[in-house]
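Chain residues, written in single-letter form:
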Amino acid sequence: MPDQEDHSGTNAAPAYITTPIYYVNDKPHIGHAYTTTICDVWARAKRFEGRDVFFLTGTDEHGVKVEKSAKERGMEPQALADENAAEFQKVMGLFNLSNDDFIRTTDPRHEEQVRRFVKRLHDQGDIYLGEFEGWYDEGQEEYHTETKAKELDYKSPISQRPLVRATETNYYFRLSAYQERLEKFLAENPDFVRPEARRNEILGRLREGLLDVPVTRTNFSWGIPFPGDEEHVIYVWIDALMNYATALGMADPDSSERARYWPASYHVIGKEILWFHAVIWPALLMALDLPQPRCVYAHSFWISEGQKMSKSLGNFIDLEQLQGYMDTYGRDALRFFLASQGPLGATDSDFSRSQFHETYNTDLVNTLGNCASRTSAMIGKYCEGACPTDTGEDAGGAEEWAQFTAAQMDASLAAMDRFDLSGSIAAAMAIVRKVDAFINETAPFKLAKDPDNAVTVGNILYRCAEAVRIASCLLEAVMPARMNDLRVAWNLGEPSGNIREECTWGRLNPGTEIEKVALFPRVEFTESE
RNA sequence: GGCGAUAUAGCUCAGCUGGCUAGAGCAUGGGAUUCAUAAACCCAAGGUCGCAGGUUCGAGUCCUGCUAUCGCCA
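Residues numbered from 1 in each chain as written. Chains lettered and ligands numbered in written order. Predicted model: local features only at pLDDT ≥ 70, side-chain atom pairs only at ≥ 80, totals over all residues. Heavy atoms only, no water.

A.B. asks: Provide a residue-level description of the overall build of chain A, including the pertinent values.
C.D. replies: Scanning chain A from N- to C-terminus turns up 19 helices and 15 strands. Seen through its principal axes, chain A has C-alpha atoms that stretch 95 × 50 × 40 Å. Counting every position in chain A, which comprises 529 residues, the buried fraction comes to 55%. Long-range contacts, defined here as pairs at least 24 residues apart, represent 77% of the contacts in chain A between residues at least 6 apart. Only carbon and sulfur atoms are counted for the fraction: they give 48% of the accessible area of chain A, which is about 22,700 Å². (Helix = DSSP H or I, 4+ residues; strand = E, 2+ residues; numbered from the N terminus. Buried < 20%, exposed > 50% of the residue type's maximum accessible area, 1.4 Å probe, protein only. Contact = heavy atoms within 4.5 Å. Areas by Shrake-Rupley, 256 points an atom, 1.4 Å probe, with all protein chains shown as cover.)

If you want it as structure tokens, here you go:
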């Protein structure tokens, strides 16, 4: 398991989490927002634990597609990249993302280090000049393997023109040489590729044997020139993967203060790019003699109202739509939905308006919001708005609550550690549900009718408020703004940076002014936007 | 085509190495209650566990075939 070390909070162990860098030829949509948001949740959670976190995201800007799109629009590739990179940076603001850096593959710091890495690989013989012969589709500018070409009846699937036999000289990475080491590494690190279904896919393909992979192209020029042979341009994938290392200055002799974050705790990616991260990237790191990341986590996809999102259907959930959800339900509600209902497993998740609404109502309005509301309302009515004292007696002992909340905190933090966001959220929500049950059982609103019960009512309400406070701390990484609203209304102060300490039972001070809160306003359901 | 996965209540899913009348959450219907955001709570209804065979004293759980859906194929 990743990141089991040091929960004391006294020694801030570094943690490093990354999103893929996003291809600027695409428009940002829910997939990008999702990956970045779940990384943000993890990063915040680790910071609350007192960890020294580095959270990286960025954009992938080279390659033939960007070059082409730029030409079509009559602009320079860099201008197009600038324009679209800005779109992706907009996501950071929109979702309140706490990334520590935003790397672009056109950054000079990146390009310099990639050349340095590649030169090293070439010098030591891991990259060699080789020739490739295959079936070439002149219209699409791509090669097909023999089996694929046969399947296509040796014709272009787009233009129907015959494929031609062509030869290309490229630089290759000696991936095949790493077959055994990769197999051994994956066998010894069962949690390296997650979830397990994805790991099995990789193991299966690995058994079929590895071929060397091209690391340069000559059919376009928008990229990083190969050191010493500038006609060749470094293939986007190699360029892109290396961002994880270049952002920390791993090939920069002058700037290494970020090197302490290496290696990544999590490279969070979508399942479509697993092969590069689970096989090629580790092999590159072996060749470069760098420590391996602890886990490559490949999540699945969001589908939209039961349908796969595709260009032909034009049903991508884009930033405008997400903005719409935020306007109606609030940004934190969207973060909560993404984190709790997202496709972290092997299967895809459906993003539908009705399901979003249902989740919002059930978990946030009816459970969390309502519980905070009824607790603070009773403190307002029966305790003059001041947090009561817990004498430790009567109805549902304080010791049991202390034990219960401590167990839920452990479960919540452990789930977060293994990137089980919905599990982490569920453990926190269980505290809230228990408070609701406790209120129903002990009925402080009935006891309060008799002044003789004042002590018991105080005991009950202290326990309710304290439990809600602890749950809110555990949910702060997911919903920083709303949970901060609670902090303000209940005068809880700032997060301490040591969540274990903060979740200790009894930290809530009697006498604290508790103001009634309505954290999540009820929303009318509308079929369309 | 090759390799692999999945098919369980209206929806999303649990059901480990086979063992009593198949579970949860949400949605639905009814009840009770009032501190609370028409909320929390209680009860009910709802499934031939994809189809067909087989192994077994006994299979949602193992085997075979079929169907459907999905993933990966550098």
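That shown, we press on.
A.B. asks: Account for the packing of helix α7 (residues 196-207) against helix α10 (residues 274-288), with residues named and values stated.
C.D. replies: Direction vectors running N to C along α7 and α10 enclose 60 degrees, while the axes themselves pass 11 Å from each other. In terms of orientation, α7 and α10 fall into the oblique class. Remark: the crossing between α7 and α10 carries right-handed chirality. Seen from α7, the contacting residues are R198, I202, R205 and L206; seen from α10, they are L274, W275, A278 and V279. (Axes fitted to C-alpha atoms, helices over the stretch in contact; angles between N-to-C directions. Parallel < 35°, antiparallel > 145°, perpendicular 65-115°, else oblique. Left-handed = near helix turned anticlockwise from the far one by under 90°.)

A.B. asks: How would you explain the side chain of Q179 if you had to name every residue and give the values?
C.D. replies: Within the fold, Q179 resides in helix α6 (residues 179-188). Setting aside anything within four residues of it in sequence, one finds Q179 in contact with L206, G209 and L210.

A.B. asks: An account of the sheet that holds strand β10 (residues 225-226) is requested, with residue identities and associated values reported.
C.D. replies: Judged by pairing direction, the sheet is antiparallel, and its 3 strands sit side by side in the order β9-β11-β10 without closing on themselves. The open sheet has two edge strands, β9 (216-217) and β10, and neither has a second partner. Alignment of β9 against strand β11 (residues 229-234), held across 2 bridges, turns out to be antiparallel. Paired with T216 across the two strands is I234, which belongs to β11. (Pairing = 2+ DSSP bridges.)

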